[in-house]
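So you can see what is in the structure, the chains are spelled out below.
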Amino acid sequence: MDVSWILDNLNEPQRQAVTAPLGPLRVLAGAGSGKTRVLTRRVAWLLAVENASPWSILAVTFTNKAAAEMRGRVEAMLEQPLGGLWIGTFHGIAHRLLRQHWQDSGLPRAFQILDSDDQNRLVKRVLRELGLDEKKWPPPAAAAFINHCKDEMQRPADVVDDGKPARRQNQRIYAAYQRECDRVGLVDFGELLLRAYELWRDRPELLAHYRERFQHVLVDEFQDTNTVQYQWIRLLSGGQGDVFIVGDDDQCVYGWRGSKVENIQRFSTDFPGAQTLRLEQNYRSTGVILQAANALIAHNARRLGKNLWTDAGDGDPVRIYAAFNEVDEARFVAERIRQWTENGGQRQETAILYRSNAQSRLFEETLLGMGLPYRIYGGLRFFERAEIKDALAYLRLVANRDDDPSFERAVNTPPRGIGARTLDLLRDAARADSSSLWQAAMRLINNHGLGGRAAHAVRRFLDLIEMLDASTRERPLPERVSAVITHSGLRAMYEEDQADKGEMRVENLDELINVTVRFIAHIDPVIIGAEPTPMDWLNAFLAHAALESGERQAGAGEDCVQLMTLHMAKGLEFALVFLVGWEEGLFPHSRSAADERQLEEERRLAYVGLTRARQHVYLCHAEQRRWYGRESPQSPSRFVREVPETLTQDVRARAKSRTQTLTAAPPTAAAPGGLQPRQRVRHAKFGEGVVLAVEGEGYHSRARIDFPAAGGPKWLVVAYAKLEPV
DNA sequence: TTACGCTTAAACTTG
DNA sequence: TTAAGCGTAA
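Note that the structure is a prediction, hence the values are computed from the model and not measured. (Residues numbered from 1 in each chain as written. Chains lettered and ligands numbered in written order. Predicted model: local features only at pLDDT ≥ 70, side-chain atom pairs only at ≥ 80, totals over all residues. Heavy atoms only, no water.)

Undergrad: Can you walk me through the protein's contact with DNA strand B in this structure?
TA: Near DNA strand B you find 30 residues, and of these Asn64, Arg355, Asn357, Gly419 and Arg552 are the closest. A breakdown of the atoms of DNA strand B within 4 Å of the protein gives sugar and phosphate a share of 54%. Within the backbone of asparagine 357, a nitrogen or oxygen atom sits 2.7 Å from a phosphate oxygen of DNA strand B. Within the side chain of serine 592, an N or O atom sits 2.8 Å from a base nitrogen of DNA strand B. Within the residue set of the surface near DNA strand B, elements represented by two or more residues are helix H18 (420-432), helix H26 (566-569) and helix H27 (596-610). (Near = heavy atom within 4 Å. Polar contact = N/O pair within 3.5 Å; in protein donor to acceptor, adjacent residues only side chain to side chain. Helix = DSSP H or I, 4+ residues; strand = E, 2+ residues; numbered from the N terminus.)

Below, the structure written as structure tokens:
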């Protein structure tokens, strides 16, 4: 058979990976080494050469985006739909299993998925019920504890009591929270994975069935797996079988979310006979950028080891810009982007990558001021918007009256006179006979346990939900959603909202109806089952809303400068990249500095940043930065130093002043601004110092000054620095 | 029940 | 600096 189409344009290691004999295989795929290509070709290889049935293949990714891309590429390559082939996220596949085996999983047929917002709300309520002070036990911390336990496959009973009161208390909270979820049929994200694991672990006949079926398992971004994901894959494959994993231990940057970089490292011991292949040829960046990235990541101790190379030539040095302060940094970056576009470069080929979102503001302002269109990634996603969550809360009450998080959200949105006082009464009543808020509300009304006014308001709310359900029960999903948006009063509330966002929110509510139409057209038959009732459609849609919260909000269209965090940039590439705020405390973040493991993760993030660039990369740091409203001296990140000097070039004077430096007098002569080398000066923050050198003229004339008290020499822009002669 | 001023704290974010 | 959460006042 002619299989050349599968092997076209593959280099030797890629070809080895695609054609590898069946069995456990670990592919260490460096940044830009053709990882997705290898994964999709491997699927084609299994189908075309190994004669695998689509039914026997399971491909797992982390994000919906990656899953969609993989499905699209494989379908395009094979020019046929993929039938029984399962491609999806860990959560999506776990969800599918639980829907199919809800009884064996101990779940109600119409179980609902809690997103992290709902989870926080529920945790809050549990804390209140346990009589715990929210100041002392912040709900997000308790939720984090619960999620961490589930990542680590620990049920409340498995939490080891180390005698510490905090842990004991968290364990109690976890147990109470889980009782609540189980009572009402709510499943959080961690629960999806853990239940799916337990389903197979506790039902040998089911496990045998899926082992028989999924002869071929492929996992993308394996370095990001957490414990339960890892053990789930291990359980399915029985530690052998055809398991094809792809990942890069140097790009594991989600440790704080449960990812265990050890998983990709221990694969070879847990899967006996596993082979390892390395994809090290990079098709993205210049030689200098790769050498810089290699040198930086070499400072990490716990690595499998890998060296990226290219035959594309060295390219430009890594440019380092020491800005005076954050304003200067932003101005420099914007100015360079302007030059890039003047030389014919596209704005969308440029990216400003920062460690934390708070850094974006100044870049935004500066780009706006210069009239450069930009796009910020990191806003809310469609299903996370307040108005959408409002509408979903009503829908969820329609689906399940006992859904307390939704009850709390919907009950006074729009305001209908049911305030904190009344809600407290409902909560107390619900806790007293461990029922849902809905049931408590009904009882209180019947027992006249509420004041006349409150009772009337609550009754109207209950009637509203019942009406929404009854009147649309047999109608198609889009009509039900439309009815909820209108009769709940949400549409009217946002229409009356004179504030800037009201109009957009109404548009979003309308878009929600369109989303349901598209959802129905693309439904996964396994999820919806045969002969679905309208209620099945509603439940499936609600699960969809929780699992696929949509693209992150982004600004204007057209050709834009791209602004995002380093985390969001993973997987993307740009011709020109600015890595900004490379200062100790900011990057690496001060919270990571003390711990070696976390520091290594920060370094991997730096590695991710560098390897985003195809042609040009700038490392920027400021000598001084206004941060949290305080002005503070900053020192360059250790990561700047970890890039060998032979690969870097300091950017000093502006392009404009380059001609000036050519004609400028030697630095021993009197310098502009009245500063001269060896002169002693005083700076408000850095104390006394000695001028080492001066360059440039006018607004951007800069001086290198040694401040012994502030940790050594710094470049300062004379116009900003307010230096006093001593 | 809502509105305003005070206190506090501040990474990264998939499903 | 800013945004969110909370207690007190209207």
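Text resumes after the structure shown.
Undergrad: What should I look at first to understand the packing of aromatic side chains in this one?
TA: Pairs of aromatic rings are described using the distance from one ring centre to the other and the angle between the two planes. Scanning the model with the defined rule gives 25 aromatic pairs in all. For the pair tryptophan 582 and phenylalanine 639, a centre-to-centre distance of 6.3 Å together with 80° between the ring planes defines the contact as edge-to-face. Taken together, the residues tryptophan 582 in the loop between strand E13 (574-579) and H27 and phenylalanine 639 in helix H28 (residues 638-641) connect sequence positions 57 residues apart. Grouped by ring-pair contacts, the aromatic residues Phe62, Trp86, Phe90, Trp200, Tyr210, Phe214 and Trp232 constitute a single cluster. It is arginine 257 that lies over the ring of tyrosine 254; its NZ or CZ is 3.4 Å from the centre. In this structure, arginine 257 packs its charged tip against the face of tryptophan 256, placed 5.7 Å from the ring centre. (Phe/Tyr/Trp six-rings, centres within 6.5 Å; stacked < 30°, edge-to-face > 60°. Lys NZ or Arg CZ within 6 Å of the ring centre and 35° of its normal.)

Undergrad: Explain the sheet that holds strand E8 (residues 275-279) here, please?
TA: Sheet strands associate in pairs through backbone hydrogen bonding, adopting either a parallel or an antiparallel arrangement. An order of E3-E2-E6-E7-E1-E8 is seen for the 6 strands of this open sheet, with the pairing classed as parallel. Two strands in the sheet have a free side with no partner beyond their single neighbour: strand E3 (86-89) and E8. Here the average twist between neighbouring strands, direction ignored, is 15°. The strands that helix H3 (residues 35-48) touches are strand E1 (25-29), strand E2 (57-61), strand E6 (216-219), strand E7 (242-247) and E8; relative to E7, the one it contacts most, it runs at about 165°. On the sheet, helix H4 (residues 64-78) packs against E2 and E3 and is oriented at approximately 160° with respect to E3. (Pairing = 2+ DSSP bridges. Axes fitted to C-alpha atoms, helices over the stretch in contact; angles between N-to-C directions. Contact = heavy atoms within 4.5 Å.)

Undergrad: Would you take a moment to explain the domain arrangement of chain A for this structure?
TA: Often, the extent of an interface is quoted as the loss of accessible area on bringing the components together. Assigned domains within chain A: domain 1 (4-102 + 193-279), domain 2 (112-184), domain 3 (292-380 + 556-652), domain 4 (382-549) and domain 5 (672-725). Each side of the interface is counted separately: domain 1 has 7 residues, and domain 4 has 7 residues. Regarding the contact of domain 1 and domain 4, the summed buried area is about 670 Å², with carbon and sulfur atoms giving 64% of it. At the boundary of domain 1 and domain 4, one finds 1 salt bridge. Arginine 96 is paired through a salt bridge with aspartate 524; the nearest N and O atoms lie 3.1 Å apart. (Domains from an automatic or database assignment. Buried area = accessible area lost by both parts, 1.4 Å probe. Salt bridge = Lys/Arg side-chain N within 4 Å of Asp/Glu carboxyl O.)

Undergrad: Got a minute to help me understand the nonpolar core in this structure?
TA: Core analysis: the largest hydrophobic core is formed by 53 residues, its most contacted members being Phe383, Tyr394, Phe407, Phe461 and Leu512. The greatest single-element share of this core, amounting to 9 residues, is contributed by helix H16 (residues 386-399). Leave out the neighbours within four places in its chain, and tyrosine 394 touches Ala410, Thr413, Pro414, Arg416, Phe461, Leu464, Ile465, Leu468, Val484, Ser488 and Leu490. Listed in part, the 42 residues of the second largest apolar core include Leu193, Phe271, Ala274 and Leu547. (Core = buried A, V, L, I, M, F, W, Y, C linked by side-chain atoms within 4.5 Å. Buried < 20%, exposed > 50% of the residue type's maximum accessible area, 1.4 Å probe, protein only.)

Undergrad: Explain the protein's contact with DNA strand C to me, please; I cannot follow it from the model alone.
TA: By nearness alone, every residue bordering DNA strand C is listed as Arg361, Arg626, Tyr628 and Gly629. Atoms of DNA strand C within 4 Å of the protein belong to the sugar or the phosphate in 42% of instances, the rest to bases. Within the side chain of arginine 361, an N or O atom sits 3.3 Å from a phosphate oxygen of DNA strand C. Between DNA strand C and the protein, one listed contact pairs a base oxygen with a backbone N or O atom of tyrosine 628 at 3.4 Å. Looking at side-chain class alone, the surface near DNA strand C contains 1 nonpolar, 1 polar and 2 charged residues. (Nonpolar A, V, L, I, M, F, W, Y, C, P; charged D, E, K, R; others polar.)

Undergrad: Teacher, can you tell me more about the sheet that holds strand E11 (residues 374-376) here?
TA: The sheet built from 7 strands is open, its strands ordered E11-E12-E10-E13-E14-E9-E17 with parallel pairing. Because the sheet does not close on itself, it has two edges, and the strands there are E11 and strand E17 (648-651). Neighbour to neighbour, the strand axes of the sheet diverge by 25° on average, direction disregarded. Pairing geometry for strand E10 (residues 350-354) and strand E12 (residues 561-565), over 4 bridges, is parallel. Bridging across to E12, leucine 353 finds its partner in methionine 564.

Undergrad: Got a minute to help me understand helix H15 (residues 360-369) in this structure?
TA: Within an α-helix, residues lying three or four positions from one another point in the same direction, as the helix has 3.6 residues per turn. Residues Ser360, Phe363, Thr366 and Leu367 constitute the buried set of H15. An end-on view of H15 places all buried positions within 130° of arc, on one side of the element. Counted as exposed and oriented over 90 degrees from the buried face of H15: Arg361, Leu368 and Gly369. Of the surrounding secondary structure, the elements contacted by the buried residues of H15 are helix H14 (326-342), E10, E11 and E12. Immediately downstream of H15, the backbone of glycine 371 shows phi near 70°, a positive value. (Arc of directions from axis to C-beta.)

Undergrad: I tried to follow the side chain of glutamine 14 on my own but got confused; where do I start?
TA: Locating glutamine 14 in the fold gives a position in helix H2 (residues 12-18). Under the relative-accessibility criterion, glutamine 14 is labelled buried at 2%. Setting aside its immediate chain neighbours within four residues, glutamine 14 contacts Asn9, Ser33, Gly34, Val38, Leu279 and Tyr283.

Undergrad: Please explain the pattern of salt bridges as it appears in this structure.
TA: Oppositely charged side chains are able to pair whenever their charged atoms sit close together. By the definition in use, this model includes 65 salt bridges. For aspartate 242, the salt bridge is made with arginine 42, and the minimal N-O distance between the two is 3.4 Å. Residue aspartate 242 is located in strand E7, and its partner arginine 42 is located in helix H3; the two are separated by 200 residues in the primary sequence. Judged on exposure class, the residue aspartate 242 and its partner arginine 42 are both buried. Residue arginine 638 is joined to glutamate 584 by a salt bridge in which the shortest nitrogen-to-oxygen separation is 2.6 Å. Pair noted here: arginine 638 is in helix H28 and glutamate 584 is in the loop between E13 and H27, with a separation of 54 residues, a long-range link. The structure contains a network of salt bridges with shared partners spanning Lys150, Arg155, Asp182, Asp188, Glu191, Arg195 and Glu198.

Undergrad: Would you mind showing me how to read helix H19 (residues 437-446) here?
TA: Within H19 the residues assigned to the buried category are Leu437, Trp438, Ala440, Ala441, Leu444 and Ile445. The buried residues of H19 all sit within an arc of 160° when viewed along its axis, so they share a single face. In the core, the buried residues of H19 are packed alongside helix H17 (404-410), H18 and helix H20 (452-472).

Undergrad: Before we go on, may I ask you to explain the environment of glutamate 129 in this structure?
TA: The topology assignment puts glutamate 129 in helix H6 (residues 116-129). Residue glutamate 129 is classed as partly exposed on the basis of its relative accessible area of 25%. For the pair glutamate 129 and glutamine 598, spaced 469 residues apart in sequence, the C-alpha to C-alpha distance is 36 Å.

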